[in-house]
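Read off the chains here:
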Number of protein chains: 4
Amino acid sequence: MLVVMKAQATPEQINAVCEHIEKLGFRPHPMPGAQRTAVGITGNQGQIDQGNLEELSGVAEVIRVTKPYKLVSRDVKEEDTVISFPGTNATIGGRDLAIVAGPCSIESREQAFAVAEQIAAAGAQFFRGGAYKPRTSPYMFQGLGEQALIIMAEVRDRFGLRIVTEAMDTENLDLVADYADVIQIGARNMQNYTLLKAVGRKRQPVLLKRGMSATLDELLMAAEYIMSEGNYQVILCERGVRTFIDHTRNTLDLSIVPAVHRLSHLPILVDPSHGTGKRNKVVPLARAAVAVGADGLMVEVHDQPDKALSDGAQSIYPEQFVQMMDEITQIAPVVHRNVP
Amino acid sequence: MLVVMKAQATPEQINAVCEHIEKLGFRPHPMPGAQRTAVGITGNQGQIDQGNLEELSGVAEVIRVTKPYKLVSRDVKEEDTVISFPGTNATIGGRDLAIVAGPCSIESREQAFAVAEQIAAAGAQFFRGGAYKPRTSPYMFQGLGEQALIIMAEVRDRFGLRIVTEAMDTENLDLVADYADVIQIGARNMQNYTLLKAVGRKRQPVLLKRGMSATLDELLMAAEYIMSEGNYQVILCERGVRTFIDHTRNTLDLSIVPAVHRLSHLPILVDPSHGTGKRNKVVPLARAAVAVGADGLMVEVHDQPDKALSDGAQSIYPEQFVQMMDEITQIAPVVHRNVP
Amino acid sequence: MLVVMKAQATPEQINAVCEHIEKLGFRPHPMPGAQRTAVGITGNQGQIDQGNLEELSGVAEVIRVTKPYKLVSRDVKEEDTVISFPGTNATIGGRDLAIVAGPCSIESREQAFAVAEQIAAAGAQFFRGGAYKPRTSPYMFQGLGEQALIIMAEVRDRFGLRIVTEAMDTENLDLVADYADVIQIGARNMQNYTLLKAVGRKRQPVLLKRGMSATLDELLMAAEYIMSEGNYQVILCERGVRTFIDHTRNTLDLSIVPAVHRLSHLPILVDPSHGTGKRNKVVPLARAAVAVGADGLMVEVHDQPDKALSDGAQSIYPEQFVQMMDEITQIAPVVHRNVP
Amino acid sequence: MLVVMKAQATPEQINAVCEHIEKLGFRPHPMPGAQRTAVGITGNQGQIDQGNLEELSGVAEVIRVTKPYKLVSRDVKEEDTVISFPGTNATIGGRDLAIVAGPCSIESREQAFAVAEQIAAAGAQFFRGGAYKPRTSPYMFQGLGEQALIIMAEVRDRFGLRIVTEAMDTENLDLVADYADVIQIGARNMQNYTLLKAVGRKRQPVLLKRGMSATLDELLMAAEYIMSEGNYQVILCERGVRTFIDHTRNTLDLSIVPAVHRLSHLPILVDPSHGTGKRNKVVPLARAAVAVGADGLMVEVHDQPDKALSDGAQSIYPEQFVQMMDEITQIAPVVHRNVP
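These numbers come from a predicted model, not from an experiment. (Residues numbered from 1 in each chain as written. Chains lettered and ligands numbered in written order. Predicted model: local features only at pLDDT ≥ 70, side-chain atom pairs only at ≥ 80, totals over all residues. Heavy atoms only, no water.)

Draft legend 1. Representation of the overall build of chain A. Of regular secondary structure, chain A possesses 11 helices and 14 strands. Scaling as 2.2 N^0.38, a compact globule of 340 residues should have a C-alpha radius of gyration of about 20 Å, and chain A matches this with 21 Å. Counting only C-alpha atoms and orienting by the principal axes, one finds that chain A spans roughly 65 × 45 × 45 Å. For chain A, with 340 residues in total, the buried portion stands at 67%. Within chain A, contacts between residues separated by at least 24 positions form 68% of all contacts whose residues are at least 6 apart in sequence. Of the accessible surface of chain A, which amounts to about 11,700 Å², a share of 46% is contributed by carbon and sulfur atoms. Of the charged side chains in chain A, 34 are positive and 40 negative; the average position of the first set lies 3 Å away from that of the second. (Helix = DSSP H or I, 4+ residues; strand = E, 2+ residues; numbered from the N terminus. Rg over C-alpha atoms; globule rule 2.2 N^0.38 Å. Buried < 20%, exposed > 50% of the residue type's maximum accessible area, 1.4 Å probe, protein only. Contact = heavy atoms within 4.5 Å. Areas by Shrake-Rupley, 256 points an atom, 1.4 Å probe, with all protein chains shown as cover. Lys, Arg positive; Asp, Glu negative; His and termini not counted. Charge placed at Lys NZ, Arg CZ, Asp CG, Glu CD.)

See the structure below:
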């Protein structure tokens, strides 16, 4: 259910609608738009009576939303969601492409700084790095933990980059949230609903990676879990899915970008590093991602990929990153985008 | 690394080996076998020196295990793992097939008792029921929580059935562990490594469901996560994977049963309910699962499937369950099994 | 469109209906059933007028068939299709399971006879062997051609086995049809519509293998192509599909067996050799195929699999075939079948 | 096996090498390069003796090619294959992008001319149109046959467009070859080896579409079948593969473009119409295909897609085609390409 307010509705009227919804035992989600505010209603205790809501002052109409995803949907919010980062010019979802780059894992202060310096110089606004790593084997390097978070905070201070890093579980979420500008939820956790709800109660933007075999609907429903808890700053990320194809580690599904843009107001990035798993395919697919209309890129960059503790084979060299930035800068205007 | 003890090694000698391993900063995993005990060694801080270990008294030989999974492997433990339930005759992994049945979700005491009575009468030893349900949408029925656990404890008391129920996260794990005989880890959480480690520190058997697009190696590695924390009672469960096939909800991969049995000593059940998603295919695939050599079955049974709050379309009627039990009882001897 | 004749309709009345349909520019397909005959109507030149047909004498009713497959459907023919082989007791689709066995390729008279002797002794009624082999590489062994067909004719004379062999194209179809009792259409040719139509004009039974990524609907439509040309003796065969799974060469989809039986009157065999690609998994999956309700099996048997010119890794030894026959003989009665 | 000739080798020396190879019972494939000619050797009757070949005059070295594909490989021919069309400036595989456009099926002279006029005006050099259509159902529109070929010949005369059309079988291949500039082999026939060999004996360029579930290796091997018969003008085409993804009809695998370019000298086009199956996704994916480095595009354009006899839902309007051409013209220079 969606309450569309009149264009001239006052903040008091919007508040009154929200309070009325809460009194009925549901949860209101006010979504300000360019022309008017809409109030999404969620809650799983049955039907709400439409009649009374329509009588409240300032209400234009009440619409039944039949899709399983509601807050995620363009029906509820027509304008694109643009996420901004106070104190910086960086945005995700707006005209400027968001470029997230960095090593798979933070391995040392030296490594992090070496990579950060080069990607910042080449134009990235976001630094990615793993502190907690979900690894297939319990015997593989699992990340430096808080030590890595501290290093990334220093990277932010030194290079002005916003930090994107993964929270693996509700146990380390608070700590990650203390350091990160954007909290990443990894592909393996896309349907870890407890973690989705917990991150939905945080106030940082969330980068939600598509699961290995998630359909478009499942990806949107995972975002809905986060939003239903009140955190509306969700960034989706395509990172390849699992198919029979064996010339890449995963199969990058670029068609999901226009598919998401049709159904949802949320931005979507593309990660060609995980999406291909092969260094020589990262830059071509990064170009393709921008050309298809993605809101930005997430790429793994390492100054010494052959010595990387994880994902070396898919990390590009800093000089390849420079080339990539140059190429996408030329492509961006075709899709009415800008590389800042 | 694996330390194989001599057949006549004493408990003291085994202890001494374990202590030596701990002093080196690694973790010992003693695995008693029919002939001799082996001690698996895990830890991710690098190589261990083989020489000294071989000199300890009672040690027959030290073997380097090159597979990524170790404790899971038949190299470490040749005999099949058989899990028993004190105070009952029920086992999983032995000659008797383990039959787990019950509704998808516990909806009420009446529903649970109605189903439990019928499946117990038909020969099931385990009752399954969801208290906490991972649902694709945040607005769907999420389970009755502790109330459902209490109902299941009553089912155990009344019908003598062992209880299998899912822990969705580390938050509800302790509570689930207080009530459950077997803790289930769902398909969506197969690579929720934090949860795997947490359940690895519990002392109940764990039923680990294969993820939607998990390979055999990934399934075994997930089990390895649990075992590396000291819980060796792991039961695998095939429940269908995601493919292009559209005549069933998932594609049941029965070939994984002999594949697991070759590589691992762990038992594996088959869930034809999730594996097909269609009531009319559950019994045929249950027969096939027994014929292929599965250690047991996990099936959804509901007395009124059309009114089920979840998974109604794939739940069979109690009378179909009776038919299934009758048919698999005839097939079991062909694979040297028994329906108790 | 389907014309259902009255139970007491005479052959003359059925003929009159067929002639009437032909006069309208369509094609009639009389399908005799246990109770009554139905006449399917195909042709792609638009709609047929229902009224006149209903007025013809002997007609009970005229039914619009809305499924894309018509002649394949149980709507058109309710009873299972049973294919018999004059001069033998062998059937496919009836109570007796049909067992097709033999080497992937015919390599020599000695090899063919050695295998044939053993499978005949163990109870197979059909001998399979490749004369023309569709190989991924143009530089691999492509089969002995007519020489192989001649050897198979000798196998038939000597051991009384019916011959199943593949026609790769319309060029070799006539020659194959001269020798074969059942003409096989391989997985790669499942949508080679020209070949399907050509074999539809032959009068031998056709064994149609499911394509690598064919859906159930596409498999049934491929059978419909054959039947629409007048050859109603079609046998379907599940042989594994392509998925992300890497512990077997293909993924055997046993759920298609009950799915076919619901929608179609045609028999369906299962080929666990191609379906797994691994010798150690053939017998377990063969047992499962019988348990799920398949109408028979198609397995590759070789007396010296390590020296086979093709598919050695998935060919079982003759002694494994004997064991398989023994095991399925025990399982068959559970599904109301018989191993002759 | 590959014979690399010296840079200064004469045509007579090359001929002598070829004749020597033929005398040995193998087939020579001379491949002229920018610096020197290489002669590929194929034939499946066993090993060739390397020593004598190296002694022939003009021979630089003899290299053993271990990959299963030989003539397709960059090992045999380092330079990109560029296919030209005498009497036109059109090329496929060179600096100019090749744009193939037109309706799925030729439905009438009016329709073909209406579409051709608009795509020619917008810059396409190739006109595609189906005369023989492989359809899933035998009851669907199967194409106008020769009538369509005649219409396309008129399109060529009138608009100067080169004609690309599919040969479905060896029966209609000769007729198709009489009219077509490029003979298309459809996805369903990618492993119809008889047809591949037959088209390998034609002298027109062949457009080979990737099969529904073909791996990269299988695609290259299919091209090898064509080349092994002496036709070296093969153009590959990615058109989407079958996966679990349900928001598009097929999953377009753009990563295969750089993968093909690494291994093979053959050009590869991308078909975003079949690759997505949805009109609103064709132009975004066309942009992405150019950005990833494809040698051209193949798109379905229809002036009245809602009335199309086949594939209407994925055909774009002529005005969308104009927009697409405009956008890819801007992207092409980034990948050192040109839209002519």
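What follows continues from the structure just given.
Draft legend 2. Region of the structure containing the interface of chain A and chain D. Across the boundary between the two partners, chain A contributes 37 residues, which contact 37 residues of chain D. Where chain A abuts chain D, roughly 2,800 Å² becomes buried across the two surfaces, and 70% of that area is made up of carbon and sulfur atoms. When the buried area of chain A at its contact with chain D is split by residue, Phe244, His247 and Val334 of chain A rank highest and sum to 22% of it. Applying the counting rule to chain A against chain D returns 0 salt bridges. (Buried area = accessible area lost by both parts, 1.4 Å probe. Salt bridge = Lys/Arg side-chain N within 4 Å of Asp/Glu carboxyl O.)

Draft legend 3. Just the relation of the copies chain A and chain D, in detail. With an RMSD of 0.0 Å, chain A superimposes on chain D once it is rotated by 180° and translated 0.0 Å along the axis. Both copies of the chain, as the preceding transformation shows, are related through a two-fold rotation axis. Residues of chain A ranked by C-alpha distance from the rotation axis are headed by Ala288 of chain A, positioned 2.0 Å from it. Most of the interface of chain A is mirrored in chain D, where 100% of its interface residues again form contacts. (Least-squares fit on C-alpha atoms with pLDDT ≥ 70 in both.)

Draft legend 4. Inspection of the interface of chain D and chain C at higher detail. With 35 residues of chain D at the contact, the number on the chain C side is 35 residues. Between chain D and chain C, roughly 2,900 Å² of surface is buried when both sides are summed, and carbon and sulfur atoms account for 49% of that area. The partner of Arg242 of chain D in a salt bridge is Glu218 of chain C, with the nearest N and O atoms 2.7 Å apart. At the junction of chain D with chain C, the criterion picks out 21 residue pairs in polar contact (both at pLDDT 80 or more). Of all the secondary structure elements, the ones that give two or more residues to the side of chain D that touches chain C are helix H5 (170-179), helix H6 (193-200) and helix H7 (216-228) of chain D. (Polar contact = N/O pair within 3.5 Å; in protein donor to acceptor, adjacent residues only side chain to side chain.)

Draft legend 5. Spatial organisation of the environment of Glu154 of chain D. All names here are of chain D. As for its placement among the helices and strands, Glu154 is situated in helix H4 (residues 146-159). Sequence-wise, Glu154 and Gln8 are 146 residues apart; in three dimensions their C-alpha atoms are separated by 46 Å. The contacts of Glu154, once residues within four sequence positions are left out, are Arg109 and Phe113. Within the local environment of Glu154, its side chain forms a polar contact with the side chain of Arg109, the two groups lying 2.5 Å apart.

Draft legend 6. Geometry of the sheet that holds strand S2 (residues 27-32) of chain A. Residues and elements named next belong to chain A. The strand order S2-S3-S1-S4 describes an open sheet built from 4 strands, whose pairing is antiparallel. Here the strands that pair on one side only, and so sit at the sheet edges, are S2 and strand S4 (59-63). Adjacent strand axes in the sheet meet at a mean angle of 20°, parallel and antiparallel pairs treated alike. As defined by bridge partners, strand S1 (residues 2-5) adjoins S4 across 4 bridges and the pair is classed as antiparallel. Paired with Val4 across the two strands is Glu61, which belongs to S4. (Pairing = 2+ DSSP bridges. Axes fitted to C-alpha atoms, helices over the stretch in contact; angles between N-to-C directions.)

Draft legend 7. Expanded view of the domain arrangement of chain A. Residue and element names in this part refer to chain A. As far as domains go, chain A holds domain 1 (2-63) and domain 2 (83-335). Summarising the inter-unit geometry, the C-alpha centres of domain 1 and domain 2 are found 35 Å apart. The interface is formed by 6 residues belonging to domain 1 together with 5 residues belonging to domain 2. Approximately 420 Å² of surface area, both sides summed, lies buried where domain 1 meets domain 2, with 50% of it carried by carbon and sulfur atoms. Broken down residue by residue, the surface that domain 1 buries against domain 2 is led by Arg27, His29 and Met31, which jointly contribute 77%. Viewed at the interface, domain 2 and domain 1 are joined by 1 salt bridge. The salt bridge involving Arg27 is made with Glu229; its shortest N-O contact spans 3.9 Å. Inspection of the region where domain 1 meets domain 2 yields 2 residue pairs in polar contact (both at pLDDT 80 or more). Per-element tally for the side of domain 1 that touches domain 2: the top contributor is S2, with 5 residues. (Domains from an automatic or database assignment.)

Draft legend 8. Spotlight on the packing of helix H10 (residues 279-292) of chain A against helix H8 (residues 256-263) of chain D. Interhelical geometry of H10 of chain A versus H8 of chain D gives an angle of 135° and a closest axis separation of 9 Å. With respect to H8 of chain D, the element H10 of chain A is oriented oblique. As for how H10 of chain A packs across H8 of chain D, the hand of that crossing is right-handed. Taking contact as the criterion, the partners of Asn280, Lys281, Pro284 and Leu285 of chain A in H10 of chain A are, on H8 of chain D, Pro258, Ala259 and Arg262 of chain D. Its residues placed into classes, the contact of H10 of chain A with H8 of chain D shows 4 nonpolar, 1 polar and 2 charged. (Parallel < 35°, antiparallel > 145°, perpendicular 65-115°, else oblique. Left-handed = near helix turned anticlockwise from the far one by under 90°. Nonpolar A, V, L, I, M, F, W, Y, C, P; charged D, E, K, R; others polar.)

Draft legend 9. Representation of the side chain of His302 of chain A within the structure. Residues and elements named next belong to chain A. When you line up the elements, His302 lands in the loop between strand S14 (296-300) and helix H11 (318-331). Of note is the side chain of His302, whose polar atom sits 3.3 Å from the side chain of Glu107. In this structure the side chain of His302 is engaged in a polar contact, spanning 3.4 Å, whose partner is the side chain of Asp303. With sequence-adjacent residues up to four places away left out, His302 is seen in contact with Pro103, Glu107, Gln111, Val115, Ala308, Ser315, Ile316, Tyr317 and Pro318.

Draft legend 10. Spotlight on the relation of the copies chain D and chain C. Once turned by 180° and shifted 0.0 Å along the axis, chain D lies on chain C with an RMSD of 0.0 Å. Mapped onto chain C, 100% of the interface residues of chain D are again interface residues, and the two copies thus contact each other with one and the same surface.

Draft legend 11. Up close: the pairing of strand S2 (residues 27-32) of chain C. Residue and element names in this part refer to chain C. Bridge count for S2 against strand S3 (residues 37-42) is 6 bridges, and the pairing is antiparallel. Each bridged residue has a counterpart across the sheet, and for Arg27 the counterpart in S3 is Thr42. Here S2 folds back onto S3, and the loop between the two strands holds 4 residues.

Draft legend 12. H10 of chain A, seen in detail. Residue and element names in this part refer to chain A. Taking 1.5 Å of rise per residue, 14 residues should cover 20 Å, and H10 covers 21 Å from first to last C-alpha, within 8% of that figure. Here H10 lies mainly inside the structure; 13 of its 14 residues are buried. Remark: Gly293 follows H10 within two positions and exhibits a positive phi of approximately 115°. (Expected span 1.5 Å × (residues − 1).)

Draft legend 13. Fine view of the environment of His336 of chain A. With respect to the element layout, His336 of chain A can be found in the segment after H11. Between the alpha carbons of His336 of chain A and Asp96 of chain A there is a distance of 9.2 Å; along the sequence they are 240 residues apart.

Draft legend 14. Quick look at the packing of aromatic side chains. Residue and element names in this part refer to chain A. Using the criterion set out here, one finds 12 aromatic pairs over all chains in the structure. Plain terms: the ring middles of Phe85 and Phe126 are 5.2 Å apart, the flat faces sit at 70° to each other, and that makes the pair edge-to-face. Taken together, the residues span a long stretch of sequence, with Phe85 in the loop between strand S5 (83-84) and strand S6 (91-92) and Phe126 in strand S8 (residues 126-128) at a distance of 41 residues. Each member of the pair, Phe85 as well as Phe126, is classed as buried. (Phe/Tyr/Trp six-rings, centres within 6.5 Å; stacked < 30°, edge-to-face > 60°.)

Draft legend 15. Quick look at the sheet that holds strand S12 (residues 234-238) of chain B. Residues and elements named next belong to chain B. On the basis of which strands lie adjacent, the closed barrel formed by 8 strands has the order S7-S8-S9-S10-S11-S12-S13-S14 and parallel pairing. Strand after strand, the sheet turns through a mean of 25° between neighbouring axes, direction not considered. Note that S12 and strand S13 (residues 268-270) share 3 bridges and pair parallel. Residue pairing for S13: Cys237 is matched across the bridge by Leu269. Seen against the sheet, helix H8 (residues 256-263) touches S12 and S13 and runs at an angle of roughly 175° to S13.

Draft legend 16. Molecular detail of the pattern of salt bridges. Applying the stated criterion across every chain, the model contains 64 salt bridges over all chains. Arg109 of chain B is the partner of Glu154 of chain B in a salt bridge, and the nearest nitrogen-oxygen pair spans 2.4 Å. With a gap of 45 residues between them, Glu154 of chain B in helix H4 (residues 146-159) and Arg109 of chain B in helix H3 (residues 109-122) connect regions that are remote in the sequence. Members of the salt-bridge network, linked through shared partners, are Arg27, Arg201 and Glu229 of chain A.

Draft legend 17. Expanded view of helix H11 (residues 318-331) of chain B. Taking 1.5 Å per residue, 14 residues should reach 20 Å; H11 of chain B reaches 20 Å between its end C-alpha atoms and fits that length. Those residues of H11 of chain B hidden inside the fold are in contact with strand S7 (98-102), H3, helix H10 (279-292) and strand S14 (296-300) of chain B together with helix H10 (279-292) and helix H11 (318-331) of chain C.

Draft legend 18. Region of interest: the environment of Gln191 of chain B. Within the secondary structure, Gln191 of chain B sits in the loop between strand S10 (182-185) and helix H6 (193-200). The class of Gln191 of chain B is buried, set by a relative accessible area of 16%. In this structure, the C-alpha to C-alpha distance between Gln191 of chain B and Asn231 of chain B, residues 40 residues apart in sequence, is 17 Å. Discounting chain neighbours no more than four positions away, the residues touching Gln191 of chain B are Arg188 of chain A together with Glu218 of chain B. At 3.2 Å, the side chain of Gln191 of chain B forms a polar contact with the side chain of Arg188 of chain A.

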